[in-house]
Structures are given as structure tokens and as C-alpha cells.
Amino acid sequence: MTKVEKDKVVEIHYTLRLSDGTVEDSTEGEPPLPYLHGAGNIPPGLERALEGHNAGDTFTVTLQPTDAYGEYDDEMVDAIPRDAFPDETELAEGDEIWLIDEEGNETPGIIERIEEEMLFVDYNHPLAGETVTFDVQVVEVRDATPEELEHGHAHDQYADEWDEDEDDEDWEDDDEELDEEEDDEVK
Ligand code: ZN
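Residues numbered from 1 in each chain as written. Predicted model: local features only at pLDDT ≥ 70, side-chain atom pairs only at ≥ 80, totals over all residues. Heavy atoms only, no water.

Q: Looking at this structure, I do not really get the overall build of the protein chain. What am I missing?
A: When helices and strands are tallied, the protein chain shows 4 helices and 9 strands. When the helices and strands of the protein chain are read in sequence order from the N terminus, they spell out β-β-β-α-β-β-β-β-β-β-α-α-α. When the 187 residues of the protein chain are sorted by exposure, 35% land in the buried category. A separation threshold of at least 6 residues defines the contact pool for the protein chain, and within that pool the share at least 24 residues apart is 66%. (Helix = DSSP H or I, 4+ residues; strand = E, 2+ residues; numbered from the N terminus. Buried < 20%, exposed > 50% of the residue type's maximum accessible area, 1.4 Å probe, protein only. Contact = heavy atoms within 4.5 Å.)

Q: For this particular structure, what's the right way to read the confidence of the model for the protein chain?
A: A low pLDDT means the predicted coordinates there should not be read in detail. Here the protein chain averages 86 in pLDDT, and 83% of its residues register 70 or above. Scored below 50 in pLDDT, residues 165-187 shows 32 contacts in the model against residues more than four places distant or in partner chains. (pLDDT = per-residue confidence, 0-100.)

Q: In this structure, what is going on with unusual backbone geometry? I would like to understand it.
A: With glycine set apart, most residues show a phi of negative sign, and most peptide bonds adopt trans. A positive phi is found at D7, a non-glycine position, where the angle reads about 70°. For D7, the position within the fold is in the segment before strand 1 (8-18). Given the relative accessible area of 33%, D7 is considered partly exposed. The backbone of E116 shows a phi angle near 50°, a positive value even though the residue is not glycine.

Q: Can you walk me through the packing of aromatic side chains in this structure?
A: Geometry of an aromatic ring pair is reported as the spacing of the ring centres plus the angle between the planes. Counted by the stated rule, this structure contains 1 aromatic pair. Stacked on the ring of F120, the Lys or Arg R113 has its end atom at 4.1 Å from the ring centre. (Phe/Tyr/Trp six-rings, centres within 6.5 Å; stacked < 30°, edge-to-face > 60°. Lys NZ or Arg CZ within 6 Å of the ring centre and 35° of its normal.)

Q: Can you help me understand the pairing of strand 7 (residues 106-115) in this one?
A: If a strand is regular, its side chains alternate between the two faces of the sheet. Bridge count between strand 6 (residues 96-100) and strand 7: 5 bridges; the pairing is antiparallel. By the bridge assignment, W98 is partnered in strand 7 with P108. The turn joining strand 6 and strand 7, which pair antiparallel and follow one another in sequence, is formed by 5 residues; a positive phi near 85° is taken by G104. The pairing of strand 7 with strand 8 (residues 118-122) spans 5 bridges and is classified as antiparallel. (Pairing = 2+ DSSP bridges.)

Q: Just to check I follow, could you spell out the pattern of salt bridges for this structure?
A: Two side chains of opposite charge can pair, provided their charged atoms sit close to one another. Taken as a whole and judged by the stated rule, the model has 8 salt bridges. The residue D143 makes a salt bridge to K8 at a minimum N-O spacing of 2.4 Å. Of this pair, D143 sits in strand 9 (residues 132-143) while K8 sits in strand 1; the two residues are 135 residues apart in sequence, bridging distant segments of the chain. The salt bridge involving R142 is made with E148; its shortest N-O contact spans 3.0 Å. (Salt bridge = Lys/Arg side-chain N within 4 Å of Asp/Glu carboxyl O.)

Q: How should the nonpolar core be read in this particular structure?
A: General note: in soluble globular proteins, nonpolar side chains tend to be found buried as a group. L46, L50 and F134 are the most contacted members of the largest nonpolar core, which has 20 residues in total. Elements that contribute at least two residues to this core include exactly strand 1, helix 1 (44-50), strand 4 (58-63) and strand 9. Look past the residues within four positions of L46 in its chain and what remains in contact with it is V61, L63, D67, F134 and V136. Within the second largest apolar cluster, 7 residues are counted, among which are I111, L119, V121 and Y123. (Core = buried A, V, L, I, M, F, W, Y, C linked by side-chain atoms within 4.5 Å.)

Q: Help me out: how do you make sense of the sheet that holds strand 5 (residues 77-81) in this one?
A: For sheets, the rule is that strands pair by backbone hydrogen bonds, running either parallel or antiparallel. Ordered in space as 5-8-7-6, the 4 strands form an open sheet in which the pairing is antiparallel. Of all strands in the sheet, those bounded by a partner on one side alone are strand 5 and strand 6. Going across the sheet, the axis of each strand differs from the next one's by a mean of 45°, ignoring polarity. (Axes fitted to C-alpha atoms, helices over the stretch in contact; angles between N-to-C directions.)

Q: Even after reading the chapter, I still don't get a negative patch on the surface, so can you show me in this structure?
A: The grouping of D83, D87, E88, E116 and E117 at the surface amounts to a negative patch. Structurally, E88 is set in the loop between strand 5 and strand 6. Overall, the relative accessible area of 66% leaves E88 in the exposed class. (Patch = residues over 30% accessible without salt bridge, like charges linked within 9 Å, V, L, I, M, F, W, Y side chains within 5 Å. Areas by Shrake-Rupley, 256 points an atom, 1.4 Å probe, with all protein chains shown as cover. Lys, Arg positive; Asp, Glu negative; His and termini not counted. Charge placed at Lys NZ, Arg CZ, Asp CG, Glu CD.)

Q: Help me out: how do you make sense of the environment of L36 in this one?
A: Residue placement: L36 occurs in strand 3 (residues 33-36). Taking the C-alpha atoms as reference points, L36 and D7, 29 residues apart in sequence, are found 6.3 Å from one another. Setting aside its immediate chain neighbours within four residues, L36 contacts D7, K8, V9, N41, E47, A144, E148, L149, G152, H153 and A154.

So this is what it looks like as C-alpha cells:
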């Protein structure tokens, strides 16, 4: 049997719960999530917990923020003047904007609040600071293809779309929960 180790593509079903028991995300009713093991595609503590498992295994793991989505970092809230954006750009609290650095890396941020002529933009991961629990079922383990290794992520039947869109979609899915979390954590 093929076990989970570096450079395997692993398909998992999972349910992600917050410390108060709220279900934040789940593959229930959807295809399992494929990921490339050892490539940092999933939270580090989850990747470690999966190591050595076989298809068919189920387990539950609770992760502290540092092993999950990171600690909440106040420094990752930026103040940006309103006039850095064109006048016609509509900006509202809760909107997503993208920070682009000198190397062209894009980081999604959420407008946490608007005060006078300043926007306060939060670049923390929506689940930063959360202790989370994953219920995991390992569905399949296989060798990665050379292309997957080169790209650093798993491909499946949706691969073509995923290469373009997967990050954007993930982020949009989280938008609604995010608004609530920010209210709790930031103010
Ligand atoms: Zn790819």
C-alpha cells in the first residue's frame, strides 16, 4: 500500500472546525481535495499529521495557530490613504483588495475599516489566530506526475481551471465568514 510521504498526491475528505465547534469548511458532498504532500499546499500541522497514513485511514487532529494558519499579526494591518486609489473606485469595509509588491507577488487583503481618508487593510489569513480541528479521511495516495512536481501542486480533472483560479476561488468562498471574524478579532 502506498503511504503518504513527500511527492505523493493525496486525496482527502476533511471537515475543518473552529474551537467553538463551528464548521468552517468541509468537502462533504464534494469531491475529495487533492494536494501534493511535502509542498506546503496545506497547513503544516495537517501535513505532518497525514505523514505515513494510508488510503482508508481516518483521524482527527487539533492544530494551534502556528501549525495551522498562523498567529494573528497586528503588523499585517496596513493604513493606506484613500487617494492612493482612483476617485471612481468604490471602496467599502469588507471589500477584498490586492497588495502587489515589487516582485509582483499578490497578497489578498480585506478592508477592515475606513476612517476619514485612510483605509485599514488586513492581510492576515482569515483563520489566523484560530485553533482549528480537522477530521480527515485519506481517500487515495498516488505518485505525483513530473508536471505536478514541477508546478508544486496536485492536478485532477479540474486541473486546467485550478491552475488559473484556485486561489481566487478559495478566497471568495471565505469572504462571508471573514467579515464576522474581523469584527470579533480586530476591534
Ligand atoms: Zn499546475
